[in-house]
Amino acid sequence: MPPVWSLRQSLPSDASWIAELRAQVMRPDLERLGRWDPVRVRQRFLTGFHPAHTFVVEVEASAVGVIAVRPESDEQWIEHFYLAPEYQGQGLGGAVLRHVLEAKRDHRPFRLNVLQGSPARRLYERAGFVHEHEDSIDVFLVAETDRKVVPRRTCSR
């Protein structure tokens with residue numbers, strides 16, 4: 001059972017620690033793929049950070065993760081979904097993802113990409129995402145909104 005958690009809107013001041021979390025979480029997969037660059041991994045986040053689309057995951061009033069939903073005219077992109085390593089594997093990621101998919105549901109499909117070989121892919125597939133296409137670095141997944149996402153546990157807001 002995941003810990004009790006909540007979401008809050010991110011602030012511009014969250015950018016630095018989120019960039020650090022991203023680097024920590026992505027490092028093993030990026031190293032495995034021969035793509036680790038400690039400057040680029042942080043800069044890529046900072047360049048595209050939109051606080052209005054980003055939510056901070058909190059447990060006991062401490063920031064432990066982040067998830068973003070970038071709206072486009074015909075789709076919504078799940079991006080920057082990172083949990084601190086000590087909170088992974090406890091059901092928190094699944095609970096947060098289900099909550100966000102339900103809260104942001106409309107006529108547009110959800111899309112995301114995950115690094116080749118990343119264990120996070122299983123999390124997304126359990127939430128209803130299916131393979132759309134891939135390249136040598138990323139696997140692109142989609143979840144159509146006509147499939148009901150059943151939340152097991154909701155966020156306490």
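Coordinates for the structure precede this section.
Residues numbered from 1 in each chain as written. Predicted model: local features only at pLDDT ≥ 70, side-chain atom pairs only at ≥ 80, totals over all residues. Heavy atoms only, no water.

Undergrad: Explanation requested: the packing of aromatic side chains in the structure shown.
TA: By convention here, two paired aromatic rings are described through the distance between centres and the angle between planes. Under the criterion given, the structure shown has 3 aromatic pairs. Consider the rings of F45 and F49, whose centres lie 5.0 Å apart with planes at 40°: the pair is tilted. Residue F45 is classed as buried on the basis of its relative accessible area, which comes to 0%. A residue is classified by how much of its surface remains accessible, and F49, at 13% relative accessible area, is buried. (Phe/Tyr/Trp six-rings, centres within 6.5 Å; stacked < 30°, edge-to-face > 60°. Buried < 20%, exposed > 50% of the residue type's maximum accessible area, 1.4 Å probe, protein only.)

Undergrad: Which parts of the structure should I look at to understand the nonpolar core?
TA: For soluble globular proteins, nonpolar side chains are generally found buried alongside one another. Core analysis: the largest hydrophobic core is formed by 27 residues, its most contacted members being I78, V96, L97, Y124 and F129. Breaking this core down by element, the ones donating at least two residues are β2 (54-59), β3 (62-71), β4 (76-83), α3 (92-103), β5 (110-115), α4 (120-126) and β7 (138-143). Counting residues per element, this core draws most heavily on α3, at 6 residues. The contact partners of F129, leaving out residues within four places of it in the chain, are I78, L101, F110, R111, L112, Y124, L141, V142 and A143. I18, V41, A84 and L115 belong to the second-largest nonpolar core, a separate cluster that totals 15 residues. (Core = buried A, V, L, I, M, F, W, Y, C linked by side-chain atoms within 4.5 Å. Helix = DSSP H or I, 4+ residues; strand = E, 2+ residues; numbered from the N terminus. Contact = heavy atoms within 4.5 Å.)

Undergrad: I would appreciate a short explanation of the pairing of β7 in the present structure.
TA: Side-chain positions along a regular strand alternate between the two faces of the sheet. Burial analysis of β7 places 6 of its 6 residues in the buried class, the great majority of the element. Residues D138, F140 and V142 line one face of β7 and the alternating positions V139, L141 and A143 line the opposite face, and both faces are buried. In this sheet, β7 lies alongside strand β6 (residues 130-134) in antiparallel orientation, the contact comprising 4 bridges. Looking across to β7, one finds that H133 is bridged to F140. Taking the residues that link successive antiparallel strands as the turn, the β6-β7 hairpin has 3 residues. (Pairing = 2+ DSSP bridges.)

Undergrad: Even after reading the chapter, I still don't get helix α1 (residues 15-32), so can you show me in this structure?
TA: Working note: α-helix, 3.6 residues per turn, so residues spaced by three or four point in the same direction. Taking 1.5 Å of rise per residue, 18 residues should cover 26 Å, and α1 covers 26 Å from first to last C-alpha, within 8% of that figure. Within α1, the full set of buried residues consists of A15, I18, A19, L21, R22, A23, M26, D29 and L30. Among the structural elements, α2 (38-48), β2, β3, β4 and β5 are those in contact with the buried residues of α1. G34 sits one or two positions beyond α1 and adopts a positive phi of about 70°. (Expected span 1.5 Å × (residues − 1).)

These values are about where atoms sit, not about what they do.
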